[in-house]
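Chain residues, written in single-letter form:
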Amino acid sequence: MKNTPTTTIPDPADDDNVASLVGATKTFGEGDAAVTAIDDVTIGFRRGEFTAVMGPSGSGKSTLMYCQSGLDKLSSGKAYIGDVDVSTLGDQELSVMRRSQLGFIFQSFHLVPALTARENITLPVDLDRVAQVDESFLNELTEVLAIQNRLGNRPSELSGGQRQRVAVARAMIPRPDVIFADEPTGALDSRTSGELLKYLRQAVDALGQTIVMVTHDAVAASYCDRVVYVQDGQLVGEARHPSVDDVLDKIRELS
Amino acid sequence: MLQRTIKLAWYKRNRYALTVVAIGLSVAFIVSTLLLTTSIADVGDPLNQSYAELDAAVSGPSVSAGDGPIAGISAPVPERVVDAINAAGFEAVGFSSPYAQVIDAGGNAGGQVQAAANIAEPWLGSSVLNGFAVVDGAPPSGLGEMALDQTTADGAGLSVGDTVTYVTDRGPQQADLVGIVSFGGANNDPYVSTVLLDASDPLFTVVAGHDYVLVAGDASAAEVTAAVSALGAVNGLTVESGPAWIAGEIEQLNSFLGFFETFLTVFAVIAVVVGMLIVTNTFTVSLAQRTQELALLRLVGTTRRQLMSQVVIEALLLGLAGTALGTGVGLIGVSAMGAFLDVLGLSIERSNAIAYSAIAIGAIVGIGVTVVAAVLPARKATGVAPIEALRTSEVEPPSAGRRRQVLVLITSLLGLAALVFGSAQGDILYAGIGIGVLFLALYLGGEYLIRATARVARPFLSLAGPTGGLASRNLERNAGRTAAAASALMIGVSLISFFTLMAATIGQFIAGDSADAITADYVVQGVGNPPGPVLNDELLIRLESVDGVATVAPTRLTTVTPVTEAEVSRPGPGDGVLGVAMADIDELQAVFDFEVVAGSLADVGGSSVVVDEATAESLSVGVGQPLAVTALAGSVDLQVVAVVASSLPGQPQPAIVGDVELADVVGYTEPATLAYVKATTSQAVLTNAVGIPTIDVLSTDDYVASLGSNLDTILALVYALLAVAVVIALVGIANTVSLAISERVGEIAAVRAAGASRRQIFWSLISEFGLLALVGVVSGVAFAWVAAASFFRALSGGQISYPETDMLSGLLIIVGGMLGGVLAAWLPSRSASRANLLDVLKAE
């Protein structure tokens, strides 16, 4: 098992490098109260790879994801999506990037209650007035995710697992460069979360989808190609295709 | 418990701030309107006090009752009656109250310009019938000296020692102001501006007789009254005991004030309803948040009882804060309203006493409604199993059930039926009930209206992008919560529309079609209130001698009461009383285009008169038939010789027009108060020729406009009060929007995360709440039109089929209301769209 941290500096110009952080630091607060959430992190996420970012609570793993996706701004360093420095983008450009290049999956689903499942899924495409919904892709997605017969229902009429699968479909519909998933299985029971992780794995294998998933669930991490460990805002280890036990060992070691 | 509740409420202070403001504004509106209503001074006190020694009063038989702005007319009491009572050993004084208007330093009519009467009275010295007492200087003692009541002197900026110009029917006069007087402990005779002159002043020379004679004696009021009644001289006259006469005077003043009180009370009720709607809405709109919050407390072991008491205490705190704020603002507001009334010239005599009942009602609404509004949704929220409420991340907004649908259907049908029946039968009661019930239906069904609007608007909004579609979806979904906000706006808008329609319709009715028929260039008339300054012969001769003046047609106006079984149906003021105009019929034809329907104007003269078509119809008289009326001269038979399409404008509109000699027939002795002038001369030249500050030369257009000006004043007040109601409704909308948005941060974040820009979020929210405002505004305007149409149909017995509709005003109201709604939604929408996406995502 390899536990060496990634030291190679990712090259944003490299076409296979979908997202990367270079010397990324994020500080909250000022003066004595200042807390460094991520501290000089350099990491790249490659196309078609399913990466888990793991670490104890307060390790900075979520901040890392938020900064990488442009939801939050770095204090110093750079965050790239492809070869674009997200800190140079305004709200309009960031919005366009979110709807076309990125996908998000949250622990608490964040579906729009007034819209049906189908409308929720196509929302990113609809928001872009030029883009058209790829109906066959939508069909394929909803069939795989087993929500095809629930498309006319509103979120309040769906189960938790179904809601999260709608959220997955919404994240995937624009065929984004990368999907950021923040504890996607956090609100699901073990059976539904197992199913969800299988869908995500399938998306990577069948469609070459890039996924960055923040999690503290060792089982979830075991579905990934690569697991990155974060502690006190720094990268402290990395493993490829670890087993659940490998992950648990590493976590024990860290804490 | 209390401490924790306060802590929880304080934690949510930002969310509750606007709610407290909304409650506060509602309470302020209620308190100030009620305070203004109750502050209308009791006119009884000064009258009772100044006439404490009055034992009896003698007056002539009534010719026509006064109504609203139209003074009633009684036959005069001859001077010999005064002499006879004095000879019988009593003290009797006749009062004629001739017109006298003080001119201020600026050369304008000064003092209580808007007093119901500007009159002169003789100084009665030590007589017990002297209602006035000197408070500064000395009483007038001889020609060239005068005293003024305190209010008039203050209003005109005059003080003892000044030389004062005043206008009477004899023209401008001058006198030295030697004293300031009070009346029965008050600053003035209620609603009267009095110039006190020496009793020997020629102004008091008796022509026809006195308006009334007051009598005092040594015996009791009943004994004096009986003794006076027994005198032969009072035959045919009315003798009342002193207290009865005072009571009658007070009642007459109060009937005018009563209109005003009713008017303000109506607004107070509106204030209460709007306030209740806003407060209720505040709590229903945040039901989902509340459900989860309460569920959490239940989860950690709070009993339902504890929970409810927490909700009640929290509501009490909010209500208390709002009520305190509102009462403070209301106390300031009532002074502002009073000042506004003065500016409008509706000087109502006010006392400074604070009616605690007004504050109590404000507090009941502020605190009571807040508690009820908070408890009802809380009961619903605590009924859910706690874990259930916590598990579902979205609580579906409430939707009115089937029972509500049936109720809306029934009330709509009932309301429409009553409305149609009332307007067809001319029954104002049924029309009123119909309007009320229909309003209830509109309120109950507001939710469905919003849903339907959202659906209709969807394709159009979708054209503007997916966020437009989202806006209509959200509007539809949340209709149950936001309906009350739309209703509050609807009330304000429909009232404004209704009064606009009413003003236009009544204005049109008063001016009538006859306004176009005036061919005169100018109208000369006094600016004072009845009895206004007359146009004396001297002035008329001056006018006629001006170069370029072709015709001066002095017109005398009075009223008579028809002696008939048929009910005279004339909408507007002066119901049942007929206006009479008397002028040289040839001159009149030169300045007014009578459209003769039947008969001939050539036959007019003596008791032969012209009657307008509407009156002829309602009295069932035609050419060649007699028309019996009660006039100053008693019962008089007039002959109808011509029927015209429309008569002279005026208030009341003269339904009967006769030649100069008609005055002798009906017993009218006063000179003309109005003259039509046909001239090529400029207005300035004529004004100069008149040379009396209290007599105006108006262009015909201005004259026609002035006929409705009483209405304009009231309308200005109505608008001011309604504007406050609308502002409160808009604050309510702003609050609804900000609460609705705070409840929806999660879904807004979801749309943002899916790639919506700030601008898209902002416009989505603005379209949603703009559409909500549109429902309120348009339904308000439409409802007002339907209500006005049936109201006027019922009131006029079908004479008015549709209200005078001004599309531009309607459009202005709709656009204004929409702008208000959008503005109210602007800030909360903006801050929601600018909220840090990450903060929101983390918070969820």
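(A) Structural context of the overall build of chain A. What chain A contains, in helices and strands, is eight helices and ten strands. Overall, chain A is about 50 × 40 × 35 Å in size when its C-alpha atoms are taken along their principal axes. Residues counted as buried form 56% of the 255 residues belonging to chain A. Across chain A, contacts joining residues at least 24 apart in sequence account for 68% of those joining residues at least 6 apart. Total accessible area on chain A stands at roughly 10,500 Å², and carbon and sulfur atoms take up 47% of it.

(B) Structural detail: the overall build of chain B. Helix and strand content of chain B: 28 helices and 23 strands. Here the analysis covers contacts within chain B between residues at least 6 apart in sequence; of these, 83% occur between residues at least 24 apart. Looking at chain B as shown, the accessible area adds up to about 34,400 Å², and 59% of this sits on carbon and sulfur atoms.

(C) Just the sheet that holds strand β9 (residues 226-231) of chain A, in detail. Residue and element names in this part refer to chain A. Spatial strand order, β6-β7-β8-β3-β9-β10: six strands in an open sheet with mixed pairing. For this open sheet the edge positions go to β6 (102-106) and β10 (234-240), each flanked by a neighbour on one side alone. Taken over all neighbouring pairs, the strand axes of this sheet differ in orientation by 20 degrees on average, direction set aside. Relative to β10, β9 runs antiparallel, the two being bridged by six bridges. Pairing of Val228 across the sheet is with Glu238, part of β10. Where helix α5 (residues 160-172) meets the sheet, it contacts β6 and β7 (178-182), and its direction lies at approximately 165 degrees from that of β6.

(D) Region of the structure containing the interface of chain A and chain B. Contacts between the two partners involve 31 residues from chain A and, on the opposite side, 30 residues from chain B. The junction of chain A with chain B conceals about 2,600 Å² of combined surface from both sides, 58% of it contributed by carbon and sulfur atoms. Ranking the residues of chain A by area buried against chain B places A:His110, A:Pro113 and A:Leu127 at the top, with a combined share of 22%. The salt bridge involving A:Asp91 is made with B:Arg752; its shortest N-O contact spans 3.0 Å.

(E) A look at the confidence of the model for chain A. Of the residues in chain A, 97% have a pLDDT of 70 or more, and the chain-wide mean is 89. Every residue in residues 1-7 of chain A scores below 50 in pLDDT, and together they form eleven contacts with partners more than four places removed in sequence or on other chains.

(F) Inspection of the nonpolar core at higher detail. Residues and elements named next belong to chain B. By size, the foremost hydrophobic cluster in this structure holds 110 residues, and its most contacted members are Phe263, Phe267, Ile450, Leu489, Leu721, Val751 and Phe769. Counting residues per element, this core draws most heavily on helix α24 (residues 709-743), which supplies 18 residues. Not counting residues up to four positions away in its chain, the partners in contact with Phe769 are Val737, Ala740, Ile741, Arg744 and Ala825.

(G) Examining the pattern of salt bridges more closely. Inspection of every chain in the model, using the stated rule, returns 23 salt bridges over all chains. A:Lys26 is the salt-bridge partner of A:Asp72, the closest N and O atoms lying 3.4 Å from each other. With A:Asp72 in the loop between α1 (61-69) and β4 (76-81) and A:Lys26 in strand β1 (residues 17-28), this pair connects stretches of sequence that are 46 residues apart. You can call A:Asp72 buried: its relative accessible area is 13%. With a shortest N-O distance of 3.1 Å, B:Glu447 and B:Arg451 are connected by a salt bridge.

(H) Structural context of the pairing of strand β1 (residues 56-59) of chain B. Residues and elements named next belong to chain B. Judged by which residues are buried, β1 turns out to be covered on both faces: Ala56 and Val58 on one side and Ala57 and Ser59 on the other are all buried. Alignment of β1 against strand β12 (residues 212-216), held across four bridges, turns out to be antiparallel. Pairing of Ala56 across the sheet is with Val215, part of β12. Alignment of β1 against strand β13 (residues 238-241), held across four bridges, turns out to be antiparallel. Counterpart to Ala56 in the pairing with β13 is Ser241.

(I) Quick look at the sheet that holds β1(A). All names here are of chain A. The four strands are arranged β2-β1-β4-β5 in an open sheet whose pairing can be described as antiparallel. What marks the edges here is a single partner per strand, and that holds for β2 (35-46) and β5 (84-85). Together, β1, β2 and β4 form the strand contacts of α1, whose direction differs from that of β1 by roughly 120 degrees.

(J) Highlighting a nonpolar patch on the surface. Residues and elements named next belong to chain B. A cluster of nonpolar side chains, contributed by Ile428, Leu429, Ile433 and Leu795, occupies part of the molecular surface with about 350 Å² of accessible area. Among the elements that take part in the nonpolar patch, helix α13 (residues 428-444) stands out by supplying three residues, more than any other. Structurally, Ile433 is set in helix α13.

(K) Highlighting the packing of α13(B) against helix α14 (residues 446-463) of chain B. Residue and element names in this part refer to chain B. At a minimum axis distance of 4 Å, the contact between α13 and α14 shows a crossing angle of 55 degrees. Classified by the angle their axes make, α13 and α14 are oblique. Residue-level contacts link Leu442, Tyr443 and Leu444 of α13 to Gly446, Glu447, Tyr448 and Leu449 of α14. In terms of residue class, the contact of α13 with α14 is made up of five nonpolar, one polar and one charged.

(L) Examining the side chain of B:Ser127 more closely. Within the secondary structure, B:Ser127 is located in the loop between β6 (117-122) and β7 (132-137). Using a relative accessible area of 14% as the deciding quantity, one classes B:Ser127 as buried.

(M) Seen up close, unusual backbone geometry. Residues and elements named next belong to chain A. One non-glycine residue, Ala146, lies in the positive phi region at around 60 degrees. With respect to the helices and strands, Ala146 occurs in the loop between α4 (135-144) and α5. Although it is not a glycine, Glu183 adopts a positive phi angle of roughly 45 degrees. Take Glu183: it is sitting in the loop between β7 and α6 (190-207).

(N) Just the domain arrangement of chain B, in detail. Taken domain by domain, chain B comprises domain 1 (45-252), domain 2 (457-513 + 705-844) and domain 3 (528-693). If you average the C-alpha positions of domain 1 of chain B and of domain 2 of chain B, the two centres end up 53 Å apart.

(O) Just the packing of aromatic side chains, in detail. Using the criterion set out here, one finds 16 aromatic pairs over all chains in the structure. An angle of 75 degrees between the planes, with centres 5.1 Å apart, marks the rings of B:Phe762 and B:Trp763 as edge-to-face. In this structure B:Trp763 comes out as partly exposed when scored by relative accessible area, which is 43%. An aromatic cluster is defined as three or more aromatic residues linked by ring pairs; in this entry it consists of B:Tyr51, B:Phe95, B:Phe132, B:Phe183, B:Tyr212 and B:Trp245. Across from the ring centre of A:Phe137, 3.8 Å away, lies the NZ or CZ of A:Arg175, which sits over that ring.

(P) Structural context of the packing of helix α2 (residues 13-39) of chain B against helix α9 (residues 304-344) of chain B. All names here are of chain B. In contact at an axis separation of 5 Å, α2 and α9 are set at 45 degrees when each is read in the N-to-C sense. For the element pair α2 / α9, the angle class is oblique. In this structure, the crossing between α2 and α9 has a hand that is right-handed.

(Q) Just helix α22 (residues 683-690) of chain B, in detail. Residue and element names in this part refer to chain B. For α22, the set of buried residues is Leu686, Ala689 and Val690. What you see down the axis of α22 is that its buried residues fit within an arc of 100 degrees, all on one side. Turned more than 90 degrees away from the buried face of α22 sit Ala684 and Asn688, all of them exposed. Packed against the buried residues of α22 are β14 (522-526), α18 (537-544), β15 (549-562), β22 (674-679) and β23 (695-699). Of the residues one or two after α22, Gly691 is the one with positive phi, at around 65 degrees.

(R) View of the pairing of strand β8 (residues 211-214) of chain A. Residue and element names in this part refer to chain A. The alternating pattern of β8 places Ile211 and Met213 and Val212 and Val214 on opposite faces, both of which are buried. In this structure, strand β3 (residues 50-54) lies alongside β8, joined through four bridges in parallel fashion. Its bridge partner lying in β8, Ala52 is registered against Met213. As judged from the four bridges shared by β7 and β8, these two strands associate in the parallel manner. Along β8, the bridge assignment pairs Asp182 with Val214.

(S) Spatial organisation of the confidence of the model for chain B. Here chain B averages 82 in pLDDT, while 89% of its residues score no lower than 70. When mean pLDDT is taken per element in chain B, strand β8 (residues 145-149) of chain B scores highest with 94 and helix α11 (residues 386-391) of chain B scores lowest with 59.

The rules behind the values
Residues numbered from 1 in each chain as written. Chains lettered and ligands numbered in written order. Predicted model: local features only at pLDDT ≥ 70, side-chain atom pairs only at ≥ 80, totals over all residues. Heavy atoms only, no water. Helix = DSSP H or I, 4+ residues; strand = E, 2+ residues; numbered from the N terminus. Buried < 20%, exposed > 50% of the residue type's maximum accessible area, 1.4 Å probe, protein only. Contact = heavy atoms within 4.5 Å. Areas by Shrake-Rupley, 256 points an atom, 1.4 Å probe, with all protein chains shown as cover. Pairing = 2+ DSSP bridges. Axes fitted to C-alpha atoms, helices over the stretch in contact; angles between N-to-C directions. Buried area = accessible area lost by both parts, 1.4 Å probe. Salt bridge = Lys/Arg side-chain N within 4 Å of Asp/Glu carboxyl O. pLDDT = per-residue confidence, 0-100. Core = buried A, V, L, I, M, F, W, Y, C linked by side-chain atoms within 4.5 Å. Patch = residues over 30% accessible without salt bridge, like charges linked within 9 Å, V, L, I, M, F, W, Y side chains within 5 Å. Parallel < 35°, antiparallel > 145°, perpendicular 65-115°, else oblique. Nonpolar A, V, L, I, M, F, W, Y, C, P; charged D, E, K, R; others polar. Domains from an automatic or database assignment. Phe/Tyr/Trp six-rings, centres within 6.5 Å; stacked < 30°, edge-to-face > 60°. Lys NZ or Arg CZ within 6 Å of the ring centre and 35° of its normal. Left-handed = near helix turned anticlockwise from the far one by under 90°. Arc of directions from axis to C-beta.

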